[in-house]
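# Reading the structure
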Amino acid sequence: NQATNATLTLSNGASQAMAVHFAAAGTIQVTAANSSIVIQSSIAGTHGFTKTGGGLLRLEGANSLGGSVTVAGGELALAATTGASLGAVTNVRVQSGALLRLVTAEQIGSATHLDLAGGTLRGASGQTAVEETAGKLTLSVTSTIDVGASALTFADSSSVVWGNGAVLTISN
């Protein structure tokens with residue numbers, strides 16, 4: 001499916017095997033908080049997308065998506081078994097109340113800038129350690145990293161100015 005300035009709205013829980021291509025920045029909306037959508041195939045395009053709505057969007061394909069991804073609501077779970085869910089994305093922003101969850105290892109590109117803007121980055125759960133290497137970390141406002149069973153490594157972020165008064169809570 002190709003879309004220009006489109007919104008993909010999925011409001012019923014379902015497992016979708018479909019290819020999504022964003023010709024321009026788009027939105028993937030999972031409306032209900034108790035809904036979950038699984039995209040098993042690839043997402044492509046050079047402009048990224050915004051995930052909105054209170055539900056869960058789980059990406060299981062290795063995506064060639066570029067641009068920026070914003071998690072504006074609900075949960076975005078990264079779970080590609082081969083390749084990275086967001087490996088070619090330049091920036092990932094997690095906004096207030098939103099959750100970015102690492103299910104499997106190396107889901108974010110090693111040069112991908114992570115901006116925590118009030119949301120939570122949650123590592124994998126369970127007994128198996130999951131390693132993740134990302135680019136610089138920016139803290140726009142108070143946010144949380146819940147390490148879980150993950151080992152997280154960020155690029156040297158010493159030159160990045162964090163939000164005035166912002167607090168980073170790290171838990172396990």
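Bear in mind the structure is a predicted one, so any value in this text is a computation, not a measurement.

## What about the overall build of the protein chain?
From N to C terminus, the protein chain includes 0 helices and 20 strands. The burial tally for the protein chain puts 44% of its 172 residues in the buried class. The contacts of the protein chain with a sequence gap of at least 6 include a subset with a gap of at least 24, amounting to 35%.

## So, the confidence of the model for the protein chain
When pLDDT is averaged along the protein chain, the result is 84; 87% of the residues meet or exceed 70. Within the model, the stretch residues 1-7 combines pLDDT values under 50 with 18 contacts to residues more than four positions away or in other chains.

## Overview of the nonpolar core
Burial of nonpolar side chains together is a common tendency in soluble globular proteins. Ranked by size, the top nonpolar core spans 30 residues in total, and within it Phe49, Leu57, Leu59, Leu76 and Leu100 carry the most contacts. Residues in contact with phenylalanine 49, not counting those within four places in the same chain, are Phe22, Gly26, Ile28, Ile43, Leu57, Leu59, Leu65, Ser68, Val69, Thr70 and Leu76.

## Considering empty space enclosed by the protein
Evaluation of the coordinates by the stated rule reveals 1 cavity of 30 Å³ or more. Considered as a void within the structure, the largest cavity measures approximately 40 Å³ in volume. Forming the walls of the largest cavity are Leu102, Ile108, Leu121, Glu132, Thr133, Ala134, Leu152, Thr153 and Phe154. When residues of the lining of the largest cavity are traced back to their parent elements, those giving at least two are strand S16 (130-134) and strand S19 (150-154).

## Remarks on the environment of alanine 33
Locating alanine 33 in the fold gives a position in the loop between strand S5 (26-30) and strand S6 (36-39). The sequence separation of alanine 33 and glycine 73 amounts to 40 residues, and the corresponding C-alpha distance is 9.5 Å. Discounting residues that sit within four places of it in the chain, alanine 33 has contacts with Gly54 and Gly55.

## Looking at unusual backbone geometry
Its identity is not glycine, yet glutamate 106 carries a phi of approximately 50°, on the positive side. Along the chain, glutamate 106 falls in the loop between strand S13 (99-102) and strand S14 (113-117).

## With respect to the pairing of strand S11 (residues 75-78)
Here S11 shows no split at all, with Glu75 and Ala77 on one side and Leu76 and Leu78 on the other all buried. Strand direction decides the pairing type here: strand S9 (residues 56-59) and S11, joined by 4 bridges, are parallel. Directly across from leucine 57, in S11, lies its bridge partner leucine 76. Bridge analysis of S11 against S13 gives 4 bridges, and the strand direction is parallel. Paired with glutamate 75 across the strands is leucine 99, a residue of S13.

## Overview of the pattern of salt bridges
Inspection of the entire model under this criterion finds 4 salt bridges. Linking arginine 93 and aspartate 115 is a salt bridge whose minimum nitrogen-to-oxygen distance equals 2.4 Å. Of this pair, arginine 93 sits in strand S12 (residues 91-95) while aspartate 115 sits in strand S14, and the two are 22 residues apart along the sequence.

## Structural notes on the environment of valine 103
Along the chain, valine 103 turns up in the loop between S13 and S14. Overall, the relative accessible area of 23% leaves valine 103 in the partly exposed class. Counting along the chain gives 47 residues from valine 103 to serine 150, while the straight-line C-alpha distance between them is 9.3 Å. Beyond its immediate sequence surroundings of up to four residues, valine 103 is in contact with Arg58, Ala77, Leu78, Ala79, Ala124 and Val130.

## Description of the pairing of S16
In S16, alternate side chains face the same way, and those of Val130, Glu132 and Ala134 are buried while those of Glu131 and Thr133 on the opposite face are not. Inspection of the sheet shows S16 paired to S19 by 5 bridges, in the parallel sense. Bridged to valine 130 within S19 is serine 150.

Rules used in this analysis
- Residues numbered from 1 in each chain as written.
- Predicted model: local features only at pLDDT ≥ 70, side-chain atom pairs only at ≥ 80, totals over all residues.
- Heavy atoms only, no water.
- Helix = DSSP H or I, 4+ residues; strand = E, 2+ residues; numbered from the N terminus.
- Buried < 20%, exposed > 50% of the residue type's maximum accessible area, 1.4 Å probe, protein only.
- Contact = heavy atoms within 4.5 Å.
- pLDDT = per-residue confidence, 0-100.
- Core = buried A, V, L, I, M, F, W, Y, C linked by side-chain atoms within 4.5 Å.
- 1 Å grid on protein atoms, 1.4 Å probe; cavity = no way out; pocket = protein on both sides within 12 Å on 5 of 7 lines; lining within 4 Å.
- Points joined across faces, edges and corners; volume = space filled by probe spheres on them.
- Pairing = 2+ DSSP bridges.
- Salt bridge = Lys/Arg side-chain N within 4 Å of Asp/Glu carboxyl O.

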